[in-house]
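Coordinate analysis (summary)
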Amino acid sequence: MEEIHTLLTGRLGNQLFQYAFARNLQKQYGGQIYCDVYELEHRMSKVADEKFSYAMSGFKLDAGVIREDQAFPWYADFSNPVIKPIKKAMPRKYFELMARRGYLMWQRSDYMPIPVLDTQRVFASGWWQDIRYLQNVQEELSDEIVPITNPLQENRYIYDAAHDRDSVCISIRCGNYFNPTVKKLLYVCNPQYFHDSVKRISQMLAHPKFIVFTDDVSWVKEHLKFEDTYPQFEFLYERGCDTAEEKIRMMAMCNNFIISNSTFSWWAQFLSKNKEKIVIAPDKWFVDGRKIGLYMDGWTLVPAGR
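All figures in this text were calculated on a predicted structure; none of them were measured in a lab. (Residues numbered from 1 in each chain as written. Predicted model: local features only at pLDDT ≥ 70, side-chain atom pairs only at ≥ 80, totals over all residues. Heavy atoms only, no water.)

**Some words on the nonpolar core**
- Judged by nonpolar contacts, the single largest core of 64 residues is most densely connected at Met 56, Leu 104, Leu 134, Leu 141, Trp 266 and Trp 267.
- Here this core gets eight residues from one element, more than from any other, and that element is helix H1 (residues 12–29).
- If we skip the residues at most four places from it in the chain, Leu 104 touches Phe 21, Leu 25, Phe 95, Ala 99, Ile 114, Leu 117, Val 122, Phe 123, Ala 124, Ser 125 and Trp 128.
- Formed by 27 residues, the second largest nonpolar core is a distinct cluster that contains Val 217, Phe 235, Tyr 237 and Ile 278. (Core = buried A, V, L, I, M, F, W, Y, C linked by side-chain atoms within 4.5 Å. Buried < 20%, exposed > 50% of the residue type's maximum accessible area, 1.4 Å probe, protein only. Helix = DSSP H or I, 4+ residues; strand = E, 2+ residues; numbered from the N terminus. Contact = heavy atoms within 4.5 Å.)

Next comes the structure, spelled out in structure tokens:
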């Protein structure tokens, strides 16, 4: 194989899964990885409330990755009015047909096995959020998804706390998860989930030290009131103004995790070097209970969305 083109969509967490999928193919077949930003630059900004862009420039990644801005052909475009109903009516048949031509098209949460590929160029469009898509490159990803910037001195208080053996990263997603449309699909980590998770992990650690990461620090302080409920524990908060790479580096340095149903949360715990880490996660990822292959062995699941 000579080329692997992966279409990037969403924020950093989603983009890292799309990169990881391409990296897994590269390890199996070889070839140059191309990260395609066409969807980010020309479409997502028109349908979302915020500007989406390439979010991996602050990370090491594989040295040979090339960024490109090139639309996939119409027959490999999920938004094409001809392809849209076909993909919806028979997604697996569409995937199998396209895979024979070197196009891996799968934008669903359930797992689709990847067939043996026999093309010089592969084009991938999907979320690829399943541990099976990256299980062969976990070590490589741990070494490559590393910020190329230096830690900020302003965050020394976070780094110092994260080094504590019983440090706990609490990742709370607010932002677009409060959007009415998104909320119907993804709002499962309510305040009760986080309070139950703090109780659970405090029974598993001798001296937990909690570090809260969120895209809305003010909302969390006002609505979760951790200090009022657990005066015996220390809670630190991120500043709320750091880059994605600085933030994920701080999170990944923690030794234990309470995560949201967020890909950014997922990558933070995945990149942690602590082999004995405790990970608390919601017992479902979607409001409707559909399955996703992101749950890892050893996680402790806490009821959510009730």
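**Here we look at the environment of Lys 273**
- Among the structural elements, Lys 273 can be located in the loop between helix H12 (263–271) and strand E10 (279–282).
- A residue is classified by how much of its surface remains accessible, and Lys 273, at 56% relative accessible area, is exposed.
- Between the C-alpha atom of Lys 273 and that of Ile 66, which follows or precedes it by 207 residues, the distance is 28 Å.
- When neighbours within four sequence positions are excluded, Lys 273 is seen to be in contact with Ser 142, Asp 143 and Ala 252.
- Of the polar contacts made by the side chain of Lys 273, one reaches the side chain of Ser 142; its length is 2.4 Å. (Polar contact = N/O pair within 3.5 Å; in protein donor to acceptor, adjacent residues only side chain to side chain.)

**What about the pattern of salt bridges?**
- Tallying each qualifying case throughout the model produces 14 salt bridges.
- In this structure, the salt-bridge partner of Asp 160 is Arg 156, at a minimum N-O distance of 4.0 Å. Taken together, the residues Asp 160 and Arg 156, both in helix H6 (residues 156–162) and four residues apart, mark about one turn of the helix.
- Classification of Asp 160 by relative accessible area gives partly exposed; the value is 47%.
- Two residues, Arg 165 and Asp 166, come together in a salt bridge whose shortest N-O distance is 3.9 Å.
- Residue Arg 165 is classed as exposed on the basis of its relative accessible area of 66%.
- One continuous salt-bridge network, built from bridges that share partners, spans Arg 92, Arg 108 and Asp 110. (Salt bridge = Lys/Arg side-chain N within 4 Å of Asp/Glu carboxyl O.)

**Comments concerning the side chain of Ser 265**
- Along the chain, Ser 265 falls in helix H12.
- When its relative accessible area of 1% is taken as the criterion, Ser 265 is described as buried.
- The residues touching Ser 265, leaving out its near neighbours within four places in the chain, are Ser 171, Ile 259 and Ser 260.

**Some words on a nonpolar patch on the surface**
- The grouping of Trp 74, Val 82, Ile 86 and Met 90 at the surface amounts to a nonpolar patch, some 380 Å² of accessible area in total.
- With respect to the helices and strands, the residue Ile 86 is situated in helix H3 (residues 83–89).
- For Ile 86, a relative accessible area of 31% puts it in the partly exposed group. (Patch = residues over 30% accessible without salt bridge, like charges linked within 9 Å, V, L, I, M, F, W, Y side chains within 5 Å. Areas by Shrake-Rupley, 256 points an atom, 1.4 Å probe, with all protein chains shown as cover.)

**Things to note about the packing of H1 against H12**
- Contact geometry of H1 with H12 gives a least axis separation of 7 Å together with a crossing angle of 60°. Looking at the two axes, H1 sits oblique to H12. Where H1 crosses over H12, the two elements pack in a sense that is left-handed. Facing Leu 12, Gly 13, Asn 14, Leu 16, Phe 17 and Ala 20 of H1, the residues of H12 in contact are Thr 263, Phe 264, Trp 266 and Trp 267.
- Residues that form the contact of H1 with H12 fall into these classes: seven nonpolar, three polar and no charged. (Axes fitted to C-alpha atoms, helices over the stretch in contact; angles between N-to-C directions. Parallel < 35°, antiparallel > 145°, perpendicular 65-115°, else oblique. Left-handed = near helix turned anticlockwise from the far one by under 90°. Nonpolar A, V, L, I, M, F, W, Y, C, P; charged D, E, K, R; others polar.)

**Notes on the sheet that holds strand E7 (residues 209–214)**
- Spatially, E8-E7-E6-E9-E10-E11 is the arrangement adopted by the six strands of the open sheet, whose pairing is parallel. This sheet does not close on itself; its edge strands, each paired only once, are strand E8 (234–237) and strand E11 (300–302). Averaged over neighbouring strand pairs, the angle between their axes works out to 25° when direction is ignored.
- Note: E7 against E8, four bridges, orientation parallel. Bridging across to E8, Val 212 finds its partner in Tyr 237.
- Of the strands in this sheet, strand E6 (167–172), E7, E8, strand E9 (256–258), E10 and E11 are in contact with helix H8 (residues 191–202), which crosses E9 at around 155°. (Pairing = 2+ DSSP bridges.)

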